[in-house]
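Fold and geometry: a report
Single-letter residue listing:
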There are 2 protein chains.
Amino acid sequence: MELIKNVNGLNEDAALDFYEKMFNALADKIRLKIMNEIGKSPNMNLCVCDLEEKLELQQSKLSYHLKKLVDANILIPEKHGTWNYYRINEEQIQVVLSEDTCCKIF
Amino acid sequence: MELIKNVNGLNEDAALDFYEKMFNALADKIRLKIMNEIGKSPNMNLCVCDLEEKLELQQSKLSYHLKKLVDANILIPEKHGTWNYYRINEEQIQVVLSEDTCCKIF
DNA sequence: ATAATTAATCAACTTTTTTTGATGAATTAA
DNA sequence: TTAATTCATCAAAAAAAGTTGATTAATTAT
């Protein structure tokens with residue numbers, strides 16, 4: 001049983017890097033809460049100031065965690081004037097998680 | 001859209017802890033390689049000394065990472081004489097990963 | 001009984017990750 | 001133009017995770 005298969009034509013080592021990065025991005029309570037809040041939001045996106053309120057976290061801490069999720073291509077940033085909105089990259093999420101799991105977490 | 005649903009009747013906070021722990025256990029190249037090697041093995045289990053050889057890692061380092069996977073209930077340890085065998089807890093894995101993803105990683 | 005093998009655990013150390021408060025750039029409002 | 005808001009980035013500090021080599025216990029082989 002071969003376990004680690006290519007992810008979009010990556011070699012085995014790059015695939016390991018990919019999964020490590022994806023799991024790592026999701027392996028944090030704050031970041032899971034960010035995903036959860038965005039998923040719950042009416043437009044499926046939130047700006048930093050929304051999250052600041054909802055999660056009661058300071059801005060620089062939020063930026064740090066948002067960056068991690070963007071770097072893993074799990075969140076997509078969108079600038080609207082002074083506001084930076086973030087939405088979930090469902091395609092990327094679904095590479096790693098089942099729809100069922102996806103529904104439970106996000 | 002409610003994202004974080006109960007995992008086996010856990011409340012939301014406990015569910016977050018659960019996923020954080022699971023993703024964290026999987027968010028490491030060495031641990032992914034361990035899973036991969038066990039999945040490839042004929043009996044679907046390997047002892048520490050097998051892994052030592054296959055992954056060229058020192059014993060104490062392996063024990064450290066194996067413990068992380070056991071603590072997350074992703075690996076199940078089985079003692080046979082002096083040998084400690086580890087096998088994958090597929091049930092637990094499937095709580096978090098889709099069969100498709102599962103096939104690609106493990 | 002003695003020696004060798006297997007593997008968990010420990011403490012010291014190193015490395016990585018996260019937090020914190022401050023600064024500055026860009027945009028909007030007055 | 002000036003003041004206020006939004007948010008990324010930075011450096012320093014704190015916290016967490018991972019590594020290393022040694023010790024120990026249990027089992028197996030001689």
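Residues numbered from 1 in each chain as written. Chains lettered and ligands numbered in written order. Predicted model: local features only at pLDDT ≥ 70, side-chain atom pairs only at ≥ 80, totals over all residues. Heavy atoms only, no water.

1. Focus: the confidence of the model for chain A
Residue and element names in this part refer to chain A. Mean pLDDT over chain A: 85, with 82% of residues reaching 70 or higher. For the stretch residues 1-5, pLDDT sits under 50, and the model shows 27 contacts to residues farther than four places along the chain or on other chains. This model gives residues 99-106 a pLDDT under 50, and the stretch forms 28 contacts once residues within four places in sequence are excluded. (pLDDT = per-residue confidence, 0-100. Contact = heavy atoms within 4.5 Å.)

2. Some thoughts on the protein's contact with DNA strand C
Taken together, 22 residues lie around DNA strand C, and His65 of chain A together with Cys49, Gln59, Ser63 and Tyr86 of chain B are the ones closest in. Backbone sugar and phosphate groups make up 68% of those atoms of DNA strand C lying within 4 Å of the protein. In this structure, a phosphate oxygen belonging to DNA strand C sits 2.9 Å away from a side-chain N or O atom of Lys68 of chain A. For DNA strand C, a phosphate oxygen lies 2.7 Å from a polar atom in the backbone of Asn84 of chain B. The dominant element in the surface near DNA strand C, judged by the number of residues it contributes, is helix 4 (residues 59-71) of chain A, at five residues. Considered class by class, the residues forming the surface near DNA strand C number seven nonpolar, 10 polar and five charged. (Near = heavy atom within 4 Å. Polar contact = N/O pair within 3.5 Å; in protein donor to acceptor, adjacent residues only side chain to side chain. Helix = DSSP H or I, 4+ residues; strand = E, 2+ residues; numbered from the N terminus. Nonpolar A, V, L, I, M, F, W, Y, C, P; charged D, E, K, R; others polar.)

3. A few points about the sheet that holds strand 2 (residues 75-80) of chain A
Residue and element names in this part refer to chain A. Across the sheet, which stays open at both edges, the three strands sit in the order 1-3-2 with antiparallel pairing between neighbours. In this open sheet, the two edge strands, each paired with only one partner strand, are strand 1 (45-47) and strand 2. Adjacent strand axes in the sheet meet at a mean angle of 30° when their direction is disregarded. The pairing of strand 2 with strand 3 (residues 83-88) spans six bridges and is antiparallel. Directly across from Glu78, in strand 3, lies its bridge partner Tyr85. Across the face of the sheet, helix 4 comes into contact with strand 2 and strand 3 while running at roughly 115° to strand 2. (Pairing = 2+ DSSP bridges. Axes fitted to C-alpha atoms, helices over the stretch in contact; angles between N-to-C directions.)

4. Points about the sheet that holds strand 2 (residues 75-80) of chain B
All names here are of chain B. Judged by pairing direction, the sheet is antiparallel, and its three strands sit side by side in the order 1-3-2 without closing on themselves. Looking at which strands have only one partner, the edges of the open sheet turn out to be strand 1 (45-47) and strand 2. Taken over all neighbouring pairs, the strand axes of this sheet differ in orientation by 30° on average, direction set aside. Across three bridges, the pairing between strand 1 and strand 3 (residues 83-88) is antiparallel. Among the inter-strand pairings, Leu46 is bridged to a residue of strand 3, identified as Tyr86. Docked against the sheet, helix 4 (residues 59-71) engages strand 2 and strand 3, running at close to 115° with respect to strand 2.

5. Topic: the protein's contact with DNA strand D
Close to DNA strand D lie 22 residues; Cys49, Gln59, Ser63 and Tyr86 of chain A together with His65 of chain B are nearest. The contact atoms of DNA strand D, taken as those within 4 Å of the protein, divide so that sugar and phosphate hold 68%. Here a phosphate oxygen of DNA strand D and a side-chain polar atom of Gln58 of chain B are 2.9 Å apart. His65 of chain B places a polar side-chain atom, nitrogen or oxygen, 2.5 Å from a phosphate oxygen of DNA strand D. Broken down by class, the residue content of the surface near DNA strand D amounts to seven nonpolar, 10 polar and five charged.

6. A look at the packing of helix 3 (residues 48-55) of chain B against helix 4 of chain B
Residue and element names in this part refer to chain B. It is the contact of helix 3 with helix 4, at a shortest axis distance of 10 Å, that shows an interaxial angle of 110°. Of the possible angle classes, the one that applies to helix 3 and helix 4 is roughly perpendicular. When the axes of helix 3 and helix 4 are compared, the crossing they make is right-handed. Across the interface between the two elements, Val48, Leu51 and Glu52 from helix 3 touch Gln59, Leu62 and Leu66 from helix 4. Among the residues making up the contact of helix 3 with helix 4, the classes are represented as four nonpolar, one polar and one charged. (Parallel < 35°, antiparallel > 145°, perpendicular 65-115°, else oblique. Left-handed = near helix turned anticlockwise from the far one by under 90°.)

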